[in-house]
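# Summary of the model geometry
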Amino acid sequence: MKYDYMIVGAGLFGAVFAHEAKKKGKNCLVVEKRGHIAGNIYTEEIHGIQVHRYGAHIFHTSDKRIWEYVNQFAEFNQYINSPIARYRDELYNLPFNMNTFSKMWGIVTPEEAQKIIADQIADLHITEPRNLEEQALSLVGRDVYEKLIKGYTEKQWGRDCRDLPAFIIKRLPLRFTYDNNYFNDRYQGIPIGGYTRIVEKLLEGAEVRLNTDYLANRAELDGLADKVIYTGMIDQFYDYCLGVLEYRSVRFETQELEQENYQGNAVVNYTEREVPYTRIIEHKHFEFGKQPTTIISREYSSEWKKGDEPYYPVNNEKNDSLYGEYRAKAKSESRVIFGGRLGSYRYYDMDKVIASALELCEREL
Ligand code: FAD
Ligand code: UDP
């Protein structure tokens, strides 16, 4: 065999594996069906602005080892994510914190906020939230739910909040302090110079073939390497033989504007149902950019169908059980190892993807 490993997908997972394999003297071929490396963390420089082509990416982690790992490949700036929620003409701070509650109710103290929330849900008697609606109501009360959660979530997921799992909303911090940091993690920032450069560095020394779909060229490619690290969709690998896993897809409508500052913040969420997009990203604000022009992306969420880019796995009972069946098949493969967010049908943040790639390296290399 010409290569020790064939890595399918030049995203973060594949690139970390390629880097560690190279350090151990292994020879890797990376095949990527897109025309560029870096998968969904791909950033492209336009007029000096790093544009996040597949959605805003903020690096955040509490794992010191992962923070140190990624800092080998880039210097990070001091960006702290603090999105704004816009409901009609009202603006609120996110995540849900004392700034949000104070604006919503004209109150000042945590005690006042907690009392309003308790009063708003007293008659609901929610003890064990069974779905996203009950979870959200029990955390923040009816006003915040109606204005900042219901419309946004139903646009994002294309499903009623009563048909969505509670855990989706538990990802967000809820604080009774005046703190707009969207994450609780110890380390946070945006890589200066963009994410693509990190992946370029990780892939140094590996051979990369772009515009090459592994599944369409399997017969030829399988003869080239002893083992395959596959980071594409697990159900597609098996030609959907057990059924199709559901995803949400996103369409990004990107626009260049002849003005310096469009919305004054990197992320503005549009939480009312009537606005068709979920949020607008203004890319330069991730880097405190001062360019004379600006670039914005509106995000439209839709149900994934074959041929679209898959973004968010829909981890409900039905899909998780189908994934379990594919997983069992995958475990019996002797030459193929599945990884990354599509290979594991999991919403993985970047730090978790790096951690899971490094775990695989420890086992495999
Ligand atoms: P991917 O980046 O998807 O890479 C897989 C690669 O495999 C792709 O390039 C694909 O083209 C290629 N591929 C698939 N099938 C084939 C095939 N048959 N042949 C050849 N190539 C193939 N994480 C954070 O930490 N912070 C954030 O702020 C954040 N924001 C996000 C926002 C959005 C909208 C989304 C969707 C994700 C976000 N993430 C964020 C998660 C982050 O994008 C992932 O953790 C990371 O990209 C996963 O890397 P990966 O290598 O597993 O997958
Ligand atoms: N959410 C919401 N309103 C907001 C932001 C988030 O209701 O303004 C909910 C929504 O259900 C979303 C979840 O919180 O799916 C998680 O938000 P997050 O920002 O983590 O979503 P992502 O960045 O992954 O799209």
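None of the values given here were measured: they were computed from a predicted structure.

## Points about the overall build of the protein chain
Check the secondary structure of the protein chain and you find twelve helices and 16 strands. Whereas a compact globule of 365 residues would reach a radius of gyration of roughly 21 Å, the protein chain reaches 22 Å, a difference of no more than 12%. For the C-alpha atoms alone, the extent of the protein chain along its principal axes is close to 70 × 50 × 35 Å. Buried positions account for 55% of the 365 residues belonging to the protein chain. If you take every contact in the protein chain between residues at least 6 apart in sequence, the share linking residues at least 24 apart comes to 72%. Of the roughly 16,900 Å² of accessible surface on the protein chain, a fraction of 47% belongs to carbon and sulfur atoms. For the protein chain, the separation between the mean place of its 48 positive charges and that of its 55 negative charges on side chains is 2 Å.

## Re the state of the cysteines
Chemically, a disulfide is nothing more than a covalent bond linking the sulfur atoms of two cysteines. Under the defined criterion, the tally for this structure stands at zero disulfides. We note that Cys-28 lacks a disulfide partner, and the nearest cysteine sulfur, in Cys-361, lies 9.3 Å from it.

## Some thoughts on helix α10 (residues 317–331)
Spanning 15 residues, α10 covers 21 Å between terminal C-alpha atoms, matching the ideal 21 Å at 1.5 Å per step. Taken together, the buried positions of α10 are Asn-319, Leu-322, Tyr-323, Tyr-326 and Ala-330. Summarising the axial view, the buried residues of α10 lie within an arc of 105°, below the 170-degree limit, and thus occupy one face. When the buried face of α10 is taken as reference, the exposed residues oriented beyond 90 degrees from it are Glu-317, Ala-328 and Lys-331. Residues of α10 that are buried make contact with α9 (234–237), β16 (336–338) and α11 (340–343).

What counts, and where the lines are drawn
- Residues numbered from 1 in each chain as written.
- Chains lettered and ligands numbered in written order.
- Predicted model: local features only at pLDDT ≥ 70, side-chain atom pairs only at ≥ 80, totals over all residues.
- Heavy atoms only, no water.
- Helix = DSSP H or I, 4+ residues; strand = E, 2+ residues; numbered from the N terminus.
- Rg over C-alpha atoms; globule rule 2.2 N^0.38 Å.
- Buried < 20%, exposed > 50% of the residue type's maximum accessible area, 1.4 Å probe, protein only.
- Contact = heavy atoms within 4.5 Å.
- Areas by Shrake-Rupley, 256 points an atom, 1.4 Å probe, with all protein chains shown as cover.
- Lys, Arg positive; Asp, Glu negative; His and termini not counted.
- Charge placed at Lys NZ, Arg CZ, Asp CG, Glu CD.
- Disulfide = S-S within 2.5 Å.
- Expected span 1.5 Å × (residues − 1).
- Arc of directions from axis to C-beta.

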